[in-house]
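Take a look at the letters that make up each chain.
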Amino acid sequence: MSRFACQKVNDIAPYVPGEQPQDRSYIKLNTNENPYYTSARAVAAIDSDVLKNLKRYSDPECKPLVRAIADYYGVADDNVLTTNGSDEALAFCFQAYGQSGVCYADVTYGFYDVFAHMYDCSSEHIALEDDFTIDPSKYFGAGRTVVIANPNAQTGIALGLDKIEEIIVNNRNNIVIVDQAYVDFFGQNAIPFIKKYNNLVVVNTFSKSRSLAGARVGFVVADSGLISDLKKIKYSFHPYNVNTLSMLLAKNAVEDDEYFKSTVARIVKTRGHLIDGLRERGFYVLPSSANFVLARTPKMGGEELYLQLKSRGVLVRHFSDERIKDFVRITVGTDGETAELLKAIDGILKETK
């Protein structure tokens, strides 16, 4: 750090993104990306006329994309805000609604702690149960903004919509943020609740289920008053936050519903094969409603397994958090990638006997 940085910057523990190594070819199962190609329809939307017009700023309102999202989810245009990835959406939410304090699980998406620090939000970690599930009643009457990743970002475990609604109903004087990065692999979307509850903010991304991680597109669906709040922050920070190419890719990805549903179905099917394969090899695997699984083996610690797999050309994710340090998080890849992962694990386990 330089001597010029303010104390807040000196004190921050920044979010650590998953590895994107360039040293060799890996089977990449560490950052929960979709293993299938972006929609062909979406890619075809980027033609020479679009490229020639990049000299102009992008549409700050992202009207074509907003319209597509609103139509898809059956809400009004003024219920939708597009953002540069869902991380930007979450940052806006912490800025707008974090001054009363925030609370979230002790094992969840690592960016929540970073945003709480950056935007001076007092934070409370609410412990997951011994089986890594969320007890909704622990969030009732929180007296601060509630943030729920559903399915949860590190465990993959989801709350049913009935439990999500209980949390919303029991915090009517506070904002409830439901972070739905992985919801399409679960199938229970909280977006319809925005028509009933004006204290709900639903944050979503195109990075996972719609194969657009590199395009950086997220969106918020909420009561129009809340969207106005978040737009005020956006226009005070980054008016042209979604670029022209990403907007067109995302719009056409939304409209290519058949391809979207087919890739999600393939991932969910492979997830089942992965969980079965790991359990057959003696792993303890948490039940997952996401496109990844959290698993551990009694044969070795999580960091050692991560390193052993990396040496064999397979990347998974290891976290040093005390409660999950013995686990690795494995993205659901293709059937072929899953077979290679299990083959690598077989080799590792054979060598540890």
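Residues numbered from 1 in each chain as written. Predicted model: local features only at pLDDT ≥ 70, side-chain atom pairs only at ≥ 80, totals over all residues. Heavy atoms only, no water.

### A word on the side chain of Arg 329
Argument step 1. With respect to the helices, strands and loops of the structure, Arg 329 is situated in strand β12 (residues 328-331).
Argument step 2. Buried charge without a salt bridge: Arg 329, with Glu 33 as the nearest opposite-charge side chain at an N-O distance of 8.8 Å.
Argument step 3. A polar contact is formed between the side chain of Arg 329 and the side chain of Gln 154, at a distance of 2.9 Å.
Argument step 4. Dropping the residues within four chain positions of it, Arg 329 is found in contact with Leu 29, Asn 30, Thr 31, Asn 32, Ala 153, Gln 154, Phe 292, Val 293, Leu 294, Val 316, Arg 317 and Phe 319. (Helix = DSSP H or I, 4+ residues; strand = E, 2+ residues; numbered from the N terminus. Buried < 20%, exposed > 50% of the residue type's maximum accessible area, 1.4 Å probe, protein only. Lys, Arg positive; Asp, Glu negative; His and termini not counted. Salt bridge = Lys/Arg side-chain N within 4 Å of Asp/Glu carboxyl O. Polar contact = N/O pair within 3.5 Å; in protein donor to acceptor, adjacent residues only side chain to side chain. Contact = heavy atoms within 4.5 Å.)

### A few points about helix α8 (residues 224-234)
Argument step 1. Taken residue by residue, α8 has Leu 226, Ile 227, Leu 230, Ile 233 and Lys 234 as its buried positions. Here the buried residues of α8 occupy an arc of 115 degrees about the axis, which is enough to place them on one side.
Argument step 2. Where the residues of α8 are buried, they touch β2 (80-83), α5 (85-97), β7 (200-205) and β8 (218-222).
Argument step 3. Put simply, Asp 223 is the residue that caps the front of α8, since its side-chain oxygen is 2.9 Å from the backbone nitrogen of Gly 225. (Arc of directions from axis to C-beta.)

### Some thoughts on helix α6 (residues 111-118)
Argument step 1. Of the residues making up α6, those classed as buried are Phe 111, Tyr 112, Val 114, Phe 115 and Ala 116.
Argument step 2. On its buried face, α6 is in contact with α5, β3 (102-105), β4 (123-126), β5 (145-149) and β6 (176-179).

### With respect to the packing of aromatic side chains
Argument step 1. Scanning the model with the defined rule gives 18 aromatic pairs in all.
Argument step 2. For the ring pair Tyr 72 and Tyr 73, a centre distance of 4.9 Å and an interplane angle of 75 degrees mean the geometry is edge-to-face.
Argument step 3. Classification of Tyr 72 by relative accessible area gives partly exposed; the value is 30%.
Argument step 4. Relative to Tyr 197, the ring of Phe 193 lies with its centre 6.1 Å away and its plane at 65 degrees, an arrangement referred to as edge-to-face. The pair Phe 193 / Tyr 197 is uniform in exposure class, with both members buried.
Argument step 5. Joined through ring pairs, the aromatic side chains of Tyr 15, Phe 94, Tyr 104, Tyr 109, Phe 111, Tyr 112, Phe 115 and Tyr 119 make up one cluster.
Argument step 6. Positioned above the aromatic ring of Phe 292 is the side chain of Arg 329, whose terminal nitrogen or guanidinium carbon lies 5.4 Å from the ring centre. (Phe/Tyr/Trp six-rings, centres within 6.5 Å; stacked < 30°, edge-to-face > 60°. Lys NZ or Arg CZ within 6 Å of the ring centre and 35° of its normal.)

### Describing the nonpolar core
Argument step 1. In terms of nonpolar packing, the biggest core is built from 50 residues, with Leu 65, Tyr 139, Ile 164, Leu 200 and Phe 206 touching the most fellow members.
Argument step 2. For this core, the secondary structure elements donating two or more residues are α4 (63-73), β3, β5, α7 (161-169), β6, β7, β8 and α9 (244-255).
Argument step 3. Leaving out residues up to four positions away in the same chain, Phe 206 has contacts with Leu 65, Ile 69, Ser 211, Leu 212, Ala 213, Val 217, Phe 219, Ala 250 and Val 254.
Argument step 4. Formed by 33 residues, the second largest nonpolar core is a distinct cluster that contains Phe 260, Leu 278, Leu 309 and Leu 341. (Core = buried A, V, L, I, M, F, W, Y, C linked by side-chain atoms within 4.5 Å.)

### A word on the sheet that holds strand β9 (residues 284-285)
Argument step 1. Across the sheet, three strands lie side by side as β9-β10-β12; this open sheet has antiparallel pairing. Of all strands in the sheet, those bounded by a partner on one side alone are β9 and β12.
Argument step 2. Alignment of strand β10 (residues 292-296) against β12, held across four bridges, turns out to be antiparallel. When the sheet's bridge partners are listed, Val 293 is paired in β12 with Ile 330.
Argument step 3. Those strands touched by helix α10 (residues 257-280) are β9, β10 and β12, and its axis lies near 5 degrees from that of β10. (Pairing = 2+ DSSP bridges. Axes fitted to C-alpha atoms, helices over the stretch in contact; angles between N-to-C directions.)

### Here we look at the sheet that holds β6
Argument step 1. The strand order across the open sheet built from seven strands is β2-β8-β7-β6-β5-β3-β4, with neighbouring strands paired in mixed fashion. Either end of the sheet is taken by a strand with one partner, and the two such strands are β2 and β4. Between one strand and the next, the sheet's axes are offset by a mean angle of 20 degrees, whatever the strand orientation.
Argument step 2. Across five bridges, β7 lies against β8 in antiparallel orientation. Opposite Val 203, over in β8, you have Val 220 as the bridge partner.
Argument step 3. Lying over the sheet, α5 contacts β2, β3, β5, β6, β7 and β8, oriented at roughly 160 degrees with respect to β7.

### Looking at unusual backbone geometry
Argument step 1. Residue Asn 150 is joined to Pro 151 through a cis peptide bond whose omega torsion reads -5 degrees.
Argument step 2. Turning to its location among the elements, Pro 151 is positioned in the loop between β5 and α7.
Argument step 3. Positive phi is not limited to glycine here, since Asp 120 has a value of about 55 degrees.
Argument step 4. Relative to the helices and strands, Asp 120 resides in the loop between α6 and β4.
Argument step 5. Take Asp 120: its relative accessible area is 52%, and that puts it in the exposed class.

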